[in-house]
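Fold and geometry: a report
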Amino acid sequence: MRQDFVLLFIIAPLFLAVGTALLGRTVKQLGFMLSCACGLILCFCSFMVFGLLQKTPAHIFIYKVGGHLPPFGIALVFDGLSSFMLILVNFISLLVALYSFRYMDRYTDKWKFYCLFMFMLAGMNGLIISGDLFTLYVFLEVASVAGYALVAFGTEAEDLEAAFKYAVMGVVASIFILLGIALLYSYTSTLNMADMAFVLATKPQGALVAFVSVLFLAGFGLKSAMVPFHAWLPDAHPSAPAPISALLSGVFIKTLGVYALARVFFNVLGVSQKALFIMMFLGTVSMVVGAVLAISQRDIKRMLAYSSISQVGYIIFALGLGTPLGILGALFHLFNHAISKTMLFLNSGAIEYSTDTRNMEKLGGLNSRLPVTGSTSFIGGLSISGVPPLGGFWSKLIIILAAVQAGHFIFALIAVLVSIVTLGYYLKFQRFVFLGKLNLGLSKIRGIPLSMTIPVVILAAISIVSVLLLMPFAGHFLDSACNALIAGNLYKDSFWSAIIW
Amino acid sequence: MVIYMLCFVLFCIGLYGVLRKRNIIKIIIGIGIMEYAVNLFLIVLGYRVRGRAPIFSSDQQVLNMVDPLPQAVVLTTIVISLATTLLLAAIAIRIYEKYKTFDITKIKRLRG
């Protein structure tokens, strides 16, 4: 069958991770080579999935694992949203793997890092393509456990503390999600998402569905660090090695949190006005709290972590609007934020690599020594805070227009104000780290190797040209992703018709 | 119905342990209790009174059988919870080496 290659999304990283675990200790650089190979293969595969989707009539195809028909067998579902997320995740993972080649020199036991990295990649890919809730849960746990271990990778006291905090909160979130799945199973007698949506549409929506919504909102909200549940993120993301911080902030919280939340709420449970309003409210609170807390931070990575909370707030807010324009804005902002935040975290790693500190007050005037890092950080900061013509401006513009269109003027005003605050703290970051006179306290500044600048330059180029995704000739990439969410409950119909096809 | 409520009570006991206890080992045990509660809930969901295993055979008809799916699900979640508990315990041991305490209120070098 010509679709069999899709199994590689799960198999390739798992097998290569096990291979790294077996041979990594003896063969030097094996982990790096295997993870780069894995990233390349999966990048290629995700573009092939995108191409295949363009040829199928309803922009959805189902891979039946082992040939068993859903709802009894495991189905892997590829629709516009999955292919959008697959391309984003695998592309960023490839760049991060490339970056970690020299950065990881500061750590011992590099093969363990690459092994966990590939497990995390397998978990994220599996979560994106799974078509039933329990498979989603299993891959969510695979990715999370690898994430906890990677946060603790430095094994300094602070790393362990952050990892413990993250692990406890993450495990509780996973148990909430599992309890929600168990309750839904008791109500619908099925685990397949499309089948579940079908059964839920025929039954009355009782208190049980509302309770399950609350469980899922808490569980996925914890994973995506919405504000009442955000306490772990500012500790966990700075403690991890820089490539992993980039991956965690760039794609991890979006896959495990935002993607899973959107998939479950829009396609399975069906959106209700109450759920949408709660998402909108929590999104706005995250936006404001994240931005306010980011201002006073001195640690670069901690500031970027708070900024992630704020920007994920934008995405959740735009999803909560529920209008087609809002969903387009949410997905486009997800894309732009993933690109820019990965770039900024990789740059923070480069600063730490060359000066051995992350404290903004001890830095200064780095522009003369690290021009590439300085200019790409400038682009990333401007893109996230929404300065034209960079990608972040267009996505924020769409989100604000969608809010105005839906009649939420106060929320739109808050979004604009938060955007200005964001610009403020990114300019502060630029001023303290790169501009001004070179701080004499810095004894030695190491040059940054090429393998650490190339990924950042690629990301900067993408964030400059990402507005092209809104143009008609590239429209399928975002549009088919949006349509998957806008279709909402029609997901089940397209699922069943795709099986017959 | 009572038995489902008891599962929920067990879940709440575990949640109480995670939220209120100061010793990190007790927090890990609380997480274990929550996992057991959900596993128990899943098993109870699939249970039928005097049901039997749903194995197909040509010479007899099985009328009352237990639901096998939750059992398969629980097997998987047990393995997952083993992994998470192991990781948490490993981190707890390393934390004890660094901080010389299990008290969560004394483990606070990170701030803000």
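Attention in this report is confined to the structure presented alongside it. Please read all numbers here as calculations on a predicted model, not as lab measurements.

What follows covers the pattern of salt bridges. Residue and element names in this part refer to chain A. Tallied over the full model, the rule gives 14 salt bridges over all chains. Of the charged contacts, one joins Arg-263 and Asp-79 as a salt bridge, the two residues approaching to 2.9 Å between their closest N and O atoms. With Arg-263 in helix H10 (residues 242-269) and Asp-79 in strand S2 (residues 75-79), this pair connects stretches of sequence that are 184 residues apart. You'll find Arg-263 and Asp-79 in the same group, each marked buried. For Asp-235, the salt bridge is made with Lys-165, and the minimal N-O distance between the two is 2.6 Å. Taken as a pair, Asp-235 in helix H9 (residues 233-239) and Lys-165 in helix H6 (residues 157-188) lie far apart in primary sequence, 70 residues in all. The network of salt bridges with shared partners includes Arg-106, Asp-299, Glu-352, Asp-356 and Arg-358.

Residue and element names in this part refer to chain A. Here S2 lies mainly inside the structure; five of its five residues are buried. Neither face of S2 is left uncovered, since the one carrying Ala-75, Val-77 and Asp-79 and the one carrying Leu-76 and Phe-78 both have all their residues buried. With five bridges connecting them, strand S1 (residues 60-64) and S2 associate as antiparallel partners. Residue pairing for S2: Ile-60 is matched across the bridge by Asp-79.

All names here are of chain A. Here Phe-101 shows up in helix H3 (residues 80-103). Separated by 70 residues in the primary sequence, Phe-101 and Gly-31 have C-alpha atoms spaced 9.6 Å apart. If sequence neighbours within four positions are ignored, Phe-101 has contacts with Gln-29, Phe-32, Lys-110, Tyr-114 and Ser-451.

Bringing unusual backbone geometry into the picture now. Residue Pro-389 of chain A is reached from Pro-388 of chain A by a cis peptide bond, and omega for that bond is 5°. As for its placement among the helices and strands, Pro-389 of chain A is situated in the loop between helix H14 (371-385) and helix H15 (391-405). Of note, the phi angle at Gln-29 of chain A is positive, near 65°, even though the residue is not glycine. Tracing the backbone through its elements, the reader meets Gln-29 of chain A in the loop between helix H1 (8-23) and helix H2 (30-55). Of note in the backbone geometry, Arg-50 of chain B takes a positive phi value of approximately 55° without being a glycine. Tracing the backbone shows Arg-50 of chain B in the loop between helix H2 (24-46) and helix H3 (68-99). Residue class for Arg-50 of chain B comes out exposed when judged on its relative accessible area of 77%.

Let us look at the nonpolar core. All names here are of chain A. Core analysis: the largest hydrophobic core is formed by 226 residues, its most contacted members being Phe-78, Phe-84, Phe-216 and Leu-331. Of all the elements, H6 adds the most residues to this core, at 22 residues. In this structure, Leu-331 is in contact with Leu-81, Phe-84, Leu-478, Ala-481, Cys-482 and Leu-485, ignoring residues within four places of it in sequence.

So, about the packing of aromatic side chains. Residues and elements named next belong to chain A. Inspection of the entire model under this criterion finds 29 aromatic pairs over all chains. With centroids separated by 6.2 Å and ring planes inclined at 85°, the aromatic side chains of Phe-335 and Phe-477 adopt a geometry described as edge-to-face. In this pair, Phe-335 is assigned in helix H13 (residues 324-355) and Phe-477 in helix H18 (residues 475-486), connecting sequence segments 142 residues apart. The exposure classification of Phe-335 matches that of Phe-477, with both residues buried. Here the aromatic residues Phe-32, Phe-101, Tyr-107, Phe-113, Tyr-114, Phe-117 and Phe-153 are joined through ring pairs into a cluster of three or more. Above the plane of the ring of Phe-432 lies Arg-431, whose end atom (NZ or CZ) is 5.9 Å from the centre.

In this assembly, 34 residues from chain A lie in contact with 36 residues from chain B. The interface formed by chain A and chain B includes zero salt bridges. Counting the contacts that link chain A with chain B gives four residue pairs in polar contact (both at pLDDT 80 or more). Among the secondary structure elements, those contributing two or more residues to the side of chain A that touches chain B are helix H5 (133-151), H6 and helix H12 (300-321) of chain A. Among the elements that take part in the side of chain A that touches chain B, H6 of chain A stands out by supplying 19 residues, more than any other.

Moving on: the packing of helix H11 (residues 273-295) of chain A against helix H16 (residues 409-433) of chain A. Any two packed helices are characterised by the angle at which their axes cross and by the distance between the axes. All names here are of chain A. Two elements in contact, H11 and H16, have axes separated by 9 Å at closest approach and are oriented at 25°. In terms of orientation, H11 lies roughly parallel with respect to H16. Pair H11 / H16 crosses with left-handed handedness. Here H11 contributes Met-280, Thr-284, Met-287, Val-288, Ala-291, Ala-294 and Ile-295 to the contact with H16, which in turn contributes Phe-411, Ile-414, Ala-415, Val-418, Val-421, Tyr-425 and Lys-428. When the residues that make up the contact of H11 with H16 are grouped by side-chain class, the tally is 12 nonpolar, one polar and one charged.

So, how was this worked out
Residues numbered from 1 in each chain as written. Chains lettered and ligands numbered in written order. Predicted model: local features only at pLDDT ≥ 70, side-chain atom pairs only at ≥ 80, totals over all residues. Heavy atoms only, no water. Salt bridge = Lys/Arg side-chain N within 4 Å of Asp/Glu carboxyl O. Helix = DSSP H or I, 4+ residues; strand = E, 2+ residues; numbered from the N terminus. Buried < 20%, exposed > 50% of the residue type's maximum accessible area, 1.4 Å probe, protein only. Pairing = 2+ DSSP bridges. Contact = heavy atoms within 4.5 Å. Core = buried A, V, L, I, M, F, W, Y, C linked by side-chain atoms within 4.5 Å. Phe/Tyr/Trp six-rings, centres within 6.5 Å; stacked < 30°, edge-to-face > 60°. Lys NZ or Arg CZ within 6 Å of the ring centre and 35° of its normal. Polar contact = N/O pair within 3.5 Å; in protein donor to acceptor, adjacent residues only side chain to side chain. Axes fitted to C-alpha atoms, helices over the stretch in contact; angles between N-to-C directions. Parallel < 35°, antiparallel > 145°, perpendicular 65-115°, else oblique. Left-handed = near helix turned anticlockwise from the far one by under 90°. Nonpolar A, V, L, I, M, F, W, Y, C, P; charged D, E, K, R; others polar.

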